[in-house]
There are 2 protein chains.
Amino acid sequence: MALEHAILVSLLERPGSGYELARRFDRSIGYFWTATHQQIYRVLKRMEADGWIDAQDVPQDGRPDKKVHSVAAPGRAALAAWMAEPVEPESVRHTLAVKIRGAAYGDPAALIAETERHRTAHADRLARYLAGERRDFPEGGEPTESEELQHVVLRGGIAYERMTLEWLDDVLATLRRLARARTASDRTQS
Amino acid sequence: MALEHAILVSLLERPGSGYELARRFDRSIGYFWTATHQQIYRVLKRMEADGWIDAQDVPQDGRPDKKVHSVAAPGRAALAAWMAEPVEPESVRHTLAVKIRGAAYGDPAALIAETERHRTAHADRLARYLAGERRDFPEGGEPTESEELQHVVLRGGIAYERMTLEWLDDVLATLRRLARARTASDRTQS
DNA sequence: CTTGCCTATGCAACGAGTTGCATACCAGGA
DNA sequence: TCCTGGTATGCAACTCGTTGCATAGGCAAG
């Protein structure tokens, strides 16, 4: 279970509340993991019960109190143990690809808009990643070890989004070609 | 839920038993979805109960009987309905990246072997994909519409594996650099 | 002063995927 | 004859992730 460990890493990088963690999952952690706040609070509760993390109530003014968590020794040990055991690459799951294969039994042209939507979403993600890279890893900086590791993970996200954009262009070209071919054969028949 | 629809697409491409579907998930369907045989049988049962697919007992000699499924009209309709509604891109989940970020709080050198394992696994997958491409989509062939769509999905898998291999090389270079830096500062301290 | 929005935490039900196990038929080799 | 391995189907328990909902305080705009 990697969510626990992603949270441990994030709390090691900087202690924080469930709410703050949820926002990190929209930024730097989002480069490699996603989770809703509900999931985060549930896991935090379990980790606190297991003694992996500590909790400290922090009153705030102008906003509700928060519970700031930090990693305890057993949590560090659990992370180290998990780091040592091998993990398998994620299994492939690509919903849009299911639709593309299914388009043969529907209308390829109907998938174009959907594919363009995905293209926009990935272009946005790439733009956010690149902005994050410029902000957090400027040229000529002297990165710490942790920052070097964060950067190489981000480079992975950037490479993924670039690759995906190129592929989606390939998909769009293919769908448009097939749509033209269908229109042509329609005209032939009528 | 895309597993049902992936199975519908596969059964449209060619009717088959649960066992045969499971093997397809190791080949062409594996380019975009994974599932165990347990999952497949469970979903087939539900789809049969819902009238999405038909089942026919086929006796075989030299091996156990099998239940061959094919898509019924309601199944085709369900697939068409699902194709028409938008889906979101998958959420990011990358276990190895969690470990990379965690390496700052452990030993970066200890991750090298694991990363190399992943590199080998992805290189193997790429080789299988390329072999599948040569076999199923030879140069100069005249692909049908369905084959064109299958091919563009496979090209996505190939692009993903190539990108991943390049990134893993980047990761390995980074880990080795950090490992050397740690060794050097160890020598300085001692 | 009400309405919307942000901060902050959480429960409950459900759905999808994983893991372990079970059954049964048949073939081929030790 | 027994053991291994491939074909073929399936149940049960569990974990993880998703979705909907609930509560509560504070701020700013209309």
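Worth saying up front: this structure is predicted, and the values here are computed from it rather than measured. (Residues numbered from 1 in each chain as written. Chains lettered and ligands numbered in written order. Predicted model: local features only at pLDDT ≥ 70, side-chain atom pairs only at ≥ 80, totals over all residues. Heavy atoms only, no water.)

Peer 1: Help me out: how do you make sense of the overall build of chain A in this one?
Peer 2: Looking only at helices and strands, chain A has 7 helices and 2 strands in total. Here chain A has a C-alpha radius of gyration of 22 Å; the compact-globule value for 190 residues is 16 Å, and the former is much larger. Along the first, second and third principal axes, the C-alpha atoms of chain A reach 75 × 45 × 40 Å. Within chain A, the proportion of its 190 residues that are buried is 46%. A total of about 10000 Å² of accessible surface is found on chain A, and carbon and sulfur atoms cover 50% of it. Separation between the mean location of the 27 positive side-chain charges and that of the 29 negative ones in chain A comes to 7 Å. (Helix = DSSP H or I, 4+ residues; strand = E, 2+ residues; numbered from the N terminus. Rg over C-alpha atoms; globule rule 2.2 N^0.38 Å. Buried < 20%, exposed > 50% of the residue type's maximum accessible area, 1.4 Å probe, protein only. Areas by Shrake-Rupley, 256 points an atom, 1.4 Å probe, with all protein chains shown as cover. Lys, Arg positive; Asp, Glu negative; His and termini not counted. Charge placed at Lys NZ, Arg CZ, Asp CG, Glu CD.)

Peer 1: Any chance you could explain the pattern of salt bridges here in plain terms?
Peer 2: Pairing of side chains with opposite charge becomes possible as their charged atoms draw close. Using the criterion set out here, one finds 28 salt bridges over all chains in the structure. Overlapping salt bridges, with partners in common, bring together E88 of chain A together with K99, E114 and R117 of chain B in one network. (Salt bridge = Lys/Arg side-chain N within 4 Å of Asp/Glu carboxyl O.)

Peer 1: Help me out: how do you make sense of the confidence of the model for chain A in this one?
Peer 2: Low pLDDT means the predicted coordinates in that region are not meant to be read closely. Summing up the model confidence of chain A, the mean pLDDT is 95 and the portion of residues at 70 or higher is 98%. Of the two predicted TM-score estimates for the complex, the pTM is 0.95 and the ipTM is 0.94. (pLDDT = per-residue confidence, 0-100.)

Peer 1: Quick question: what am I supposed to make of the protein's contact with DNA strand C here?
Peer 2: Neighbouring DNA strand C are 25 residues; K45, Q60 and K67 of chain A together with M1 and R42 of chain B lie closest to it. Here the atoms of DNA strand C within 4 Å of the protein split so that 63% fall in sugar or phosphate, with bases taking the remainder. Separating a base oxygen of DNA strand C from a side-chain N or O atom of H37 of chain A is a distance of 3.0 Å. One of the side-chain nitrogen or oxygen atoms of Q39 of chain B is found 2.9 Å away from a phosphate oxygen of DNA strand C. Contributing elements (two or more residues each) for the surface near DNA strand C: α2 (18–24), α3 (37–49) and β2 (66–71) of chain A together with α3 (37–49) of chain B. In terms of residue count, the dominant contributor to the surface near DNA strand C is α3 of chain A (5 residues). (Near = heavy atom within 4 Å. Polar contact = N/O pair within 3.5 Å; in protein donor to acceptor, adjacent residues only side chain to side chain.)

Peer 1: Sorry if this is basic, but what is going on with the UniProt feature "domain: Transcription regulator PadR N-terminal" (unreviewed entry) in chain A here?
Peer 2: The positions UniProt marks with the feature "domain: Transcription regulator PadR N-terminal" (unreviewed entry) are residues 7–80 of chain A. Secondary structure across residues 7–80 of chain A comprises 47% helix and 16% strand; the distance between its end C-alpha atoms is 14 Å. (UniProt positions renumbered as here; feature names shortened; annotations may be inferred.)

Peer 1: I tried to follow the interface of chain A and chain B on my own but got confused; where do I start?
Peer 2: The accessible area lost on association of the parts is a frequent measure of interface size. Counting residues at the interface gives 65 residues for chain A and 65 residues for chain B. In total, about 6200 Å² of surface goes out of reach between chain A and chain B, with carbon and sulfur atoms giving 63% of it. It is R101, Y105 and L149 of chain A in chain A that bury the most area against chain B; as a group they hold 14% of the surface buried on that side. Across the chain A-chain B interface, the total number found is 10 salt bridges. (Contact = heavy atoms within 4.5 Å. Buried area = accessible area lost by both parts, 1.4 Å probe.)

Peer 1: Got a minute to help me understand the protein's contact with DNA strand D in this structure?
Peer 2: Taken together, 26 residues are adjacent to DNA strand D, and M1, Q39 and R42 of chain A together with Q60 and K67 of chain B come closest. Taking all atoms of DNA strand D within 4 Å of the protein, the share assigned to sugar and phosphate is 65%. A distance of 2.9 Å separates a phosphate oxygen of DNA strand D from a polar backbone atom of Y19 of chain B. Tallying contributions element by element places α3 of chain B first for the surface near DNA strand D, with 5 residues.

Peer 1: When you look at the packing of helix α1 (residues 2–13) of chain B against α3 of chain B in this model, what are you seeing that I'm missing?
Peer 2: Axis angle and axis distance: for two packed helices, these are the angle between their axes and the distance between the axes, and together they describe the pair. Residues and elements named next belong to chain B. Running from N to C, α1 and α3 point in directions that differ by 80°, and their axes come no closer than 10 Å. In terms of axis orientation, α1 runs roughly perpendicular to α3. Two secondary-structure elements touch here, α1 through L3, E4, I7, L8 and L11 and α3 through Q39, I40, V43, L44, R46 and M47. The residue inventory of the contact of α1 with α3, partitioned by class, reads 8 nonpolar, 1 polar and 2 charged. (Axes fitted to C-alpha atoms, helices over the stretch in contact; angles between N-to-C directions. Parallel < 35°, antiparallel > 145°, perpendicular 65-115°, else oblique. Nonpolar A, V, L, I, M, F, W, Y, C, P; charged D, E, K, R; others polar.)

Peer 1: Teacher, can you tell me more about the packing of aromatic side chains here?
Peer 2: For any pair of aromatic rings, geometry is given as the distance between the ring centres together with the angle between the planes. Residues and elements named next belong to chain A. All told, the structure shown has 3 aromatic pairs over all chains when counted by the stated rule. Relative to Y129, the ring of Y31 lies with its centre 5.1 Å away and its plane at 80°, an arrangement referred to as edge-to-face. Here the residue Y31 occupies a position in the loop between α2 and α3, and Y129 occupies one in helix α6 (residues 110–136), the gap between them amounting to 98 residues. The burial state of Y31 is the same as that of Y129; both residues are buried. (Phe/Tyr/Trp six-rings, centres within 6.5 Å; stacked < 30°, edge-to-face > 60°.)

Peer 1: Would you mind going over the UniProt feature "domain: Transcription regulator PadR C-terminal" (unreviewed entry) in chain A with me for this structure?
Peer 2: On the UniProt side, "domain: Transcription regulator PadR C-terminal" (unreviewed entry) is annotated at positions that read residues 92–176 of chain A here. As annotated, residues 92–176 of chain A has a helix share of 79% and a strand share of 0%, and its two end C-alpha atoms lie 26 Å apart.

Peer 1: Whenever I open this one, the nonpolar core confuses me. Can you help?
Peer 2: As a rule of thumb, nonpolar side chains are buried together in soluble globular proteins. I100 of chain A together with I7 and F32 of chain B are the most contacted members of the largest nonpolar core, which has 52 residues in total. Ranked by residues supplied to this core, first place goes to α1 of chain B with 8 residues. Excluding anything up to four places from it in sequence, I7 of chain B contacts L21, F25, I40, V43, L44 and M47 of chain B. Counting residues in hydrophobic clusters, the runner-up holds 51 residues, among them I40 and V87 of chain A together with V92 and V171 of chain B. (Core = buried A, V, L, I, M, F, W, Y, C linked by side-chain atoms within 4.5 Å.)

Peer 1: Hey, could you run me through the relation of the copies chain A and chain B in this one?
Peer 2: Look at the two chain copies: a rotation about an axis and a shift along it is all it takes to match them. Note on the copies: chain A fits chain B at an RMSD of 0.0 Å, the axial shift is 0.0 Å, and the rotation between them is 180°. The two molecules are tied by a two-fold rotation axis, judged by turn and shift. Here 100% of the contact residues of chain A are again contact residues in chain B; the copies associate through an equivalent surface. (Least-squares fit on C-alpha atoms with pLDDT ≥ 70 in both.)

Peer 1: Help me understand helix α5 (residues 95–102) of chain B in this model?
Peer 2: Since the α-helix turns once every 3.6 residues, residues separated by three or four places project in the same direction. Of all 8 residues in α5 of chain B, 8 are buried, a share of seventy percent or more. Every buried residue of α5 of chain B is listed here: T95, L96, A97, V98, K99, I100, R101 and G102 of chain B.

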